Amino acid sequence: MFSDRANQVTPSATVELNAKVAQMTREGVDVIKLNIGEPDFDTPLYIREAAKKAIDEGFTKYTATPGIPELRKAICRKLREENDISYQDTEICVTTGAKQALYEALITIVQEGDEVILPTPCWVSYEDMIRLSGARPILVQTNRTEGDRFHLDLGAIERAVTKRTKAVIINTPNNPTGVVYRKAELAVLAELADRYDFWIISDEVYEKLIYNDARHISIASLSGNARSRTVTVNGFSKAFAMTGWRIGYAAGPKEFIQKMKGIQGHVTSGINSIAQKAALAAYTTPQDSVAEMCAQFALRREMVYNRLSKMKGVECSNALGAFYLLPDFSAYFGRRWRGGVLKDSFDLADYLLTEVKVAAVPGDSFRAPGCLRISYSNSMECLREGMDRIESSLAELQ
Ligand SMILES: Cc1ncc(COP(=O)(O)O)c(C=O)c1O
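Residues numbered from 1 in each chain as written. Predicted model: local features only at pLDDT ≥ 70, side-chain atom pairs only at ≥ 80, totals over all residues.

A.B. asks: Help me out: how do you make sense of the overall build of the chain in this one?
C.D. replies: Helix and strand counts for the chain come out as 14 helices and 14 strands. With the C-alpha coordinates aligned to their principal axes, the bounding extent of the chain is approximately 60 × 55 × 55 Å. Within the chain, the proportion of its 398 residues that are buried is 48%. When contacts within the chain are restricted to residue pairs at least 6 apart in sequence, long-range pairs at least 24 apart make up 71% of them. (Helix = DSSP H or I, 4+ residues; strand = E, 2+ residues; numbered from the N terminus. Buried ≥ 20, exposed ≤ 12 C-beta atoms within 10 Å, placed from the backbone. Contact = placed C-beta atoms within 7 Å.)

This is the structure we're talking about:
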């Protein structure tokens, strides 16, 4: 009755968990939410004011399919000044969230049966997006060696390349690992793309959330060749706490954007006009609020990392970006609780939610078996309480 494409989509694990947690909260259960995939801050006032002004001035009609010219210009300026990549405004397509940019990028470049390499652990949506586009996801594990944990295993990526390889999707800073890729590994990946003729889709939505002395590098900035093979995807959701506004963009070579724009014209016509004015304000106003949010995340990350890394049997490396940690709890597999034996990360997440009302996303959803993704996008008080509950619940396991 339904298409093979629709049938092969697996429901998003994070969305399902969110629904369950929302239901528990409605029933009055005090759940500590460590599963949150969005900043717990409000969209800055100046951005909200710009949107209100757009409505009051009647800026409520269809706009150009790839986005209003002034926003595309502001994005070009941002990419030049902050990311060291020079794009023309004809090389930008504004989209309904970075998600739409990623999906449209895929359907712009892959044919039925092509392969797209995906370093794992990875964000939940990539695999389904690749399948929906008609291609096959080729999962390649990242490094596990100390010091390089979750960085690209370039040898493994090269071994995974075949004649059908059309693209590699990278995500830096990474969800769920928090790893920020280094210039040297990105340079090798760009060389591989050149040698074997594939695209790089670079998802950089967490670029502004980085800590200590980490530096975000856009792979397209590394050389002319890298730029010509890369689609740089970014958005406003994470940096400006604008998840509900649904606005992001893709930047890439002109011919690519031309095709992508053609597809978008038939799918959505264009982007919400008001969200575009809000995004324009985000990129043309000093970004103090971003720095403040990042400073808060840095404090929380330190606390959560310190607590997790001291818990018996838990292995946790500190992350340099995004707002997640990915501790390994596999030492507890095989232990018992009243619900049975803990076999995997799904059981562990279920145990924590049922017994101590802590919500965290099972690592298996991100191809990170043994782990839980802990989001520190929550107040310090809730995070402390969450750590106390996890620690005491682990001690209860037999
Ligand atoms: C790695 C990654 N890329 C893209 C997105 C989606 O971003 P947007 O809200 O701009 O569609 C998310 C959201 O969770 C994400 O984690």
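Anyway, onward from the coordinates.
A.B. asks: Can you help me understand the pairing of strand S4 (residues 136-141) in this one?
C.D. replies: The side chains of a regular strand alternate, residue by residue, between the two faces of the sheet. Here strand S3 (residues 115-120) runs beside S4; their pairing, made up of 6 bridges, is parallel. Across the sheet, residue leucine 118 finds its bridge partner in S4, namely leucine 139. Handedness of the crossover joining S3 and S4 through helix H6 (residues 125-132): right-handed. (Pairing = 2+ DSSP bridges. Right-handed = clockwise from strand over helix to strand, strands pointing away.)

A.B. asks: Would you mind showing me how to read the nonpolar core here?
C.D. replies: Nonpolar side chains in soluble globular proteins tend to end up buried together. Grouped together as the largest cluster of nonpolar side chains are 120 residues, with contacts concentrated most on Ala105, Ala167, Leu189 and Ala278. By residue number, the principal contributor to this core is helix H5 (residues 97-109), which donates 7 residues. When we break this core down by domain, the ones giving at least three residues each are domain 1 (4-42 + 289-396) and domain 2 (47-284). Setting aside its immediate chain neighbours within four residues, alanine 278 contacts Ile47, Ala50, Ala51, Met242 and Trp245. (Core = buried A, V, L, I, M, F, W, Y, C linked by C-beta atoms within 7 Å. Domains from an automatic or database assignment.)

A.B. asks: Just to check I follow, could you spell out the packing of H5 against H6 for this structure?
C.D. replies: The description of two helices packed together rests on the angle between their axes and the distance between the axes. For the pair H5 and H6, interaxial distance at closest approach is 9 Å and the crossing angle is 35°. Here H5 runs over H6; the crossing is right-handed. Judged by residue contacts, Lys99, Leu102, Tyr103 and Leu106 of H5 engage Ser125, Met129 and Ile130 from H6. Taken together, the residues of the contact of H5 with H6 break down into 5 nonpolar, 1 polar and 1 charged. (Axes fitted to C-alpha atoms, helices over the stretch in contact; angles between N-to-C directions. Left-handed = near helix turned anticlockwise from the far one by under 90°. Nonpolar A, V, L, I, M, F, W, Y, C, P; charged D, E, K, R; others polar.)

A.B. asks: What is the right way to look at the domain arrangement of the chain in this model?
C.D. replies: Interface size is commonly expressed as the accessible surface area that is lost when the partners come together. What the domain assignment lists for the chain is domain 1 (4-42 + 289-396) and domain 2 (47-284). Here domain 1 and domain 2 have C-alpha centroids that lie 26 Å from each other. Each partner contributes to the interface: domain 1 provides 31 residues, whereas domain 2 provides 32 residues. If you list the elements that add at least two residues to the side of domain 1 that touches domain 2, you get helix H2 (13-26), helix H12 (288-310) and strand S9 (324-325).

A.B. asks: What is the right way to look at the sheet that holds S4 in this model?
C.D. replies: By way of backbone hydrogen bonds, the strands of a sheet pair with one another, either parallel or antiparallel. Here we have 7 strands laid out as an open sheet, ordered S2-S8-S7-S6-S5-S3-S4, and mixed in their pairing. Looking at strand neighbours, the two that pair on one side only are strand S2 (92-95) and S4, the edges of this open sheet. Recorded for the sheet is a direction-independent mean angle of 20° between the axes of neighbouring strands. As paired elements, S3 and strand S5 (residues 165-171) share 3 bridges and run parallel to each other. Paired with glutamate 115 across the strands is threonine 165, a residue of S5. Strands in contact with H5 are S2, S5, strand S6 (199-203), strand S7 (230-235) and strand S8 (248-251); relative to S7, the strand with the most contacts, it is inclined by about 160°.

A.B. asks: Sorry, what's going on with the environment of tryptophan 245 here?
C.D. replies: Tracing the backbone shows tryptophan 245 in the loop between S7 and S8. Residue class for tryptophan 245 comes out buried when judged on the 25 C-beta atoms lying within 10 Å of it. A sequence separation of 27 residues divides tryptophan 245 from asparagine 272, and the C-alpha atoms of the two residues are 8.5 Å apart. The residues contacting tryptophan 245, other than those within four sequence positions of it, are Phe236, Ala275 and Ala278.

A.B. asks: Before we go on, may I ask you to explain H6 in this structure?
C.D. replies: The periodicity of an α-helix, 3.6 residues per turn, causes residues three or four positions apart to be oriented the same way. Taken residue by residue, H6 has Tyr126, Glu127, Met129 and Ile130 as its buried positions. For H6, the buried positions fall inside an angular range of 165° around the axis, keeping them on one side. Tucked inside the fold, the buried residues of H6 contact H5, S3, S4 and S5. Just downstream of H6, glycine 134 is the residue with a positive phi angle, here 100°. (Arc of directions from axis to C-beta.)

A.B. asks: Is there a simple way to think about the packing of H12 against helix H14 (residues 380-396) in this case?
C.D. replies: Closest axis-to-axis distance for the H12/H14 pair is 10 Å, and the angle between their directions is 5°. By the angle between their directions, the pair H12 and H14 is classed as roughly parallel. Contacts between H12 and H14 pair Arg300, Met303, Val304 and Arg307 from the former with Met380, Leu383 and Met387 from the latter. Grouping the amino acids of the contact of H12 with H14 by side-chain chemistry returns 5 nonpolar, no polar and 2 charged. (Parallel < 35°, antiparallel > 145°, perpendicular 65-115°, else oblique.)

A.B. asks: Whenever I open this one, unusual backbone geometry confuses me. Can you help?
C.D. replies: The bulk of non-glycine residues show a negative phi, and the bulk of peptide bonds are trans. Backbone torsion omega between threonine 120 and proline 121 reads 0°, so that peptide bond is classified as cis. Within the element layout of this structure, proline 121 appears in the loop between S3 and H6. Unlike most non-glycine residues, aspartate 84 shows phi in positive territory, near 60°. Considering the arrangement of structural elements, one finds aspartate 84 in the loop between helix H4 (69-83) and S2. The phi dihedral of asparagine 212 is positive, around 55°, even though this residue is not glycine.

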